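# Observations on the three-dimensional arrangement
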Amino acid sequence: MNSFRLITTYSPWLIVACLAVGVLYAWLLYSKRAPWPKSINYSLAAVRFLVVSFLCFLLLGPMVRYISNTTIKPTIVFAMDNSQSVKLFSDSVQLQQAEAKLQTIVTRLQNAGYETEIRTLSDTTKPATLEQLQFSSPVTNLSQLLQNIRNDYSSQNLAGVVLLSDGIVNQGVSPTYANYNYSIYPVAVGDTVPKKDIVLASLRYNKVTYSGNRFPLEAELEHRGFDGRIVAVTLKENGKPIDRKTIVLKQGQAVQQVPFQVMAGGLGKRHYEVEVMPQQGEFTAINNTKHAYIDVVKGKIKILIAAAAPHPDINALRAAIETNENYETELFIPGLTQLKQLDYDVAILHQLPGRTAGGDAALRLVRQKNIPSLYILGPQSDIQDFNKLNAGVRVSTTGQADEVTTAINPNFSTFKVADEASERLQQYPPASVPFGDYQLAPNTETVLYQQVGRVKTTKPLLTVQTTGNTRNATLLASGTWQWRIAEAANNQNPVVYDKLITNLVQLLSAPRNKKRLNVYPAQNDYTSNDEINFEAEAYNEALEPIYGQNITLKITDEAGQTKSFTFANGENPAGVNIGTLPGGRYTYSATARINGSLQQDKGEFMVEELQLEALHAVADHNLLYQLASNTGSNLYFPGTLDQMEQDILKANHKPVIDSTEDIRDIVDMKWLFFVVLVLITVEWFVRKYNGSY
């Protein structure tokens, strides 16, 4: 039922005054003798009375209060646990009968004046009828399901929730810990009788390991009813058996650990599978397998630090570099240490090439293997030999030195310096640099400028250069060990210095990406329950980003099956959604024709198989009983659904009237303005037509 009421901000008695003003105005205007008939005169006086009275009435600030009433029927939500465990471990005939009976109850409740809705564990799967329900969800999160219902119906007339479930929860918190403002009618399915079963519960391993190292992989085995049985546990890599262990299932020890030591060979993604051989009399073998997905990467980044002579800078550099556990250093000083012939990723050459002999071996190694290098200049540096290296900067000096401090180049963006850099660099003591002129080569950027006193110059202090497939950097100062000590003394931790050095090492060790097409998965890790997104970047000949390129993406699984997708890259990282994939190792290839040239990219990714639903075959009806008790209901079974229907109807849930109040100022109603305008226009036209004004 809807209603409205007229209210004013002043006393209603003032309406009489408004009417009096209208009468007075009409009488003064139309009491005189007029050239038109009396009927027209009375009509015009009435119009003038209405218009003037209404305009005066608007001065009282009148408002209209509109009340809208809506009847909301009581709603029963049928929350269905459509997880895989319900179908795997429930009697199929009994489950089908329960679905059909619940669908009948849905129809009866609708006829009795109830609203109904079907909910599942996933918002994307809402069947029209319960017979269409597919038990395919790989996880069970009853708490999220019930809380979503509570949130969505917070302002609705929610009478109760019928929950069909086996009570097995493997994600989220237990729903018994939450408070619900509605009745829950649990329908228990599944079997509560323990089964003879062997379960590979979990695998413990690191997701990233280094090539050439052995890493531990530990399987956790649970068993019930197989005390004293000897079982074989097999470890496979990419489908091929690589290790096998035989264990005895000990009596009274329900959980046992099976450790493996695995050699990480090669590079890239590796798919490991641990399998327990099925036993006679075992309830199910679907939980006898577990998968591990490991990324084998290159070993630690090896950094050669070669110096013409011992210097405090060397200890500062090593201390900064080794703050990153993925970096390791080897020191070479002629006459003190031997030069190890290793596969170095980066070289730091302190005052090399130098004026004294001894460092030539390190320089030859750097040139032969084309190792990216950080050159540090100092008093012992041979500037002429350094200029011949074409490291990105040429120095013209008379041999004199200058004392300078540091200033950040605000336009440098190749890597990010620490947030505290601007403030802390001002606290660094002066460092010694060659006094002279500097010329930067193409593709060379300045990271730090020289500052003399308070004057910031454009002379470089630290530069980086990318040429071909290698990178070089040059620090034109010695004595920078004082920077680290000063920062540590003033701020307890030399964050800026350490990050500057480790960023340089990372930049030098990273190969230059010259691909014009870069396609990659949006995340590093996926599970079989995740939707997988790919993103793409395309570049022109100048390596400038371009958009709208048509890209073909092909995904290939371990069995050689391929799926193709076509999409266009955009400025936003929308990419393409390829949906969910089963667990395993996948390779992908992408192609696009950019400015007439065919560009390609490829890679691999892993999808972790979720087997949570197969771990526990025993239903947890006690959890469902607690839910019913907490909300003042009872626990029901497929054979007692008629009683559940009667209990819902006996609760006699009533419709709820929802009232909405809307208050509006009359002066804001535009249609009233046009009514007044029409009345005034008609009055004016009649007066003019009859020879007046």
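Now for a description of the structure that goes with this document. The structure presented is a predicted model; accordingly, all values stated were derived computationally and were not measured. (Residues numbered from 1 in each chain as written. Predicted model: local features only at pLDDT ≥ 70, side-chain atom pairs only at ≥ 80, totals over all residues. Heavy atoms only, no water.)

Next up on the list: the overall build of the protein chain. The helix and strand tally for the protein chain stands at 14 helices and 33 strands. Relative to the 2.2 N^0.38 estimate, which gives 26 Å for 693 residues, the radius of gyration of the protein chain is 41 Å and therefore markedly larger than a compact globule would have. With respect to the three principal axes, the spread of C-alpha positions in the protein chain is 125 × 90 × 55 Å. Counting all 693 residues of the protein chain, 45% fall into the buried class. Summarising the internal contacts of the protein chain: among those between residues at least 6 apart in sequence, 73% fall at separations of at least 24. Accessible area of the protein chain: about 36,400 Å², with a carbon and sulfur share of 51%. With 62 positive and 65 negative side-chain charges, the protein chain shows a separation of 6 Å between the mean positions of the two kinds. (Helix = DSSP H or I, 4+ residues; strand = E, 2+ residues; numbered from the N terminus. Rg over C-alpha atoms; globule rule 2.2 N^0.38 Å. Buried < 20%, exposed > 50% of the residue type's maximum accessible area, 1.4 Å probe, protein only. Contact = heavy atoms within 4.5 Å. Areas by Shrake-Rupley, 256 points an atom, 1.4 Å probe, with all protein chains shown as cover. Lys, Arg positive; Asp, Glu negative; His and termini not counted. Charge placed at Lys NZ, Arg CZ, Asp CG, Glu CD.)

Glancing now at the sheet that holds strand β13 (residues 268-276). Strands sit in the order β8-β14-β13-β10-β11 across an open sheet of 5 strands; the sheet is mixed. Lying at the two open borders of the sheet, with one neighbouring strand each, are β8 (208-210) and β11 (240-248). For this sheet, the mean angle separating the axes of adjacent strands, direction not counted, is 30°. (Pairing = 2+ DSSP bridges. Axes fitted to C-alpha atoms, helices over the stretch in contact; angles between N-to-C directions.)

Another aspect to go through is the packing of aromatic side chains. Two descriptors summarise a pair of aromatic rings, namely the distance from one centre to the other and the angle between the planes of the rings. Per the stated rule, a full pass over the model turns up 12 aromatic pairs. Where Phe89 meets Phe283, the ring centres are 5.8 Å apart and the plane angle is 40°; that geometry is what we call tilted. Highlighted residues: Phe89 in helix α3 (residues 84-89) and Phe283 in the loop between β13 and β14 (289-297), separated in sequence by 194 residues. Directly above the ring of Phe226 sits Lys196, whose terminal nitrogen or CZ lies 4.9 Å from the centroid. (Phe/Tyr/Trp six-rings, centres within 6.5 Å; stacked < 30°, edge-to-face > 60°. Lys NZ or Arg CZ within 6 Å of the ring centre and 35° of its normal.)

What follows is about the sheet that holds strand β29 (residues 562-568). Strand order in the open sheet formed by 5 strands is β25-β32-β31-β28-β29, with mixed pairing between adjacent strands. Of all the strands in the sheet, just β25 (526-527) and β29 have a single pairing partner and so form its edges. Strand direction decides the pairing type here: strand β28 (residues 550-556) and β29, joined by 7 bridges, are antiparallel. Within β29, the position partnered with Lys554 by the bridge is Ser564.

Further remarks concern the pairing of strand β17 (residues 346-350). The buried fraction of β17 amounts to 5 of the 5 residues, a majority that puts the element mostly inside the structure. The two faces of β17 match: Val346, Ile348 and His350 on one face and Ala347 and Leu349 on the other face are all buried. The sheet contact formed by strand β15 (residues 301-307) and β17 spans 5 bridges and is parallel. Bridge pairing in β17 places Leu304 opposite Ala347. In this sheet, strand β18 (residues 373-376) lies alongside β17 in parallel orientation, the contact comprising 4 bridges. Bridged to Ala347 within β18 is Ser373.

Cis geometry marks the peptide bond from Leu352 to Pro353, where omega comes out at 0°. With respect to the secondary-structure elements, Pro353 resides in the loop between β17 and α7 (360-369). Phi is positive for Asn595, close to 50°, though the residue is something other than glycine. Residue classification places Asn595 among the exposed residues on the basis of a relative accessible area of 54%.

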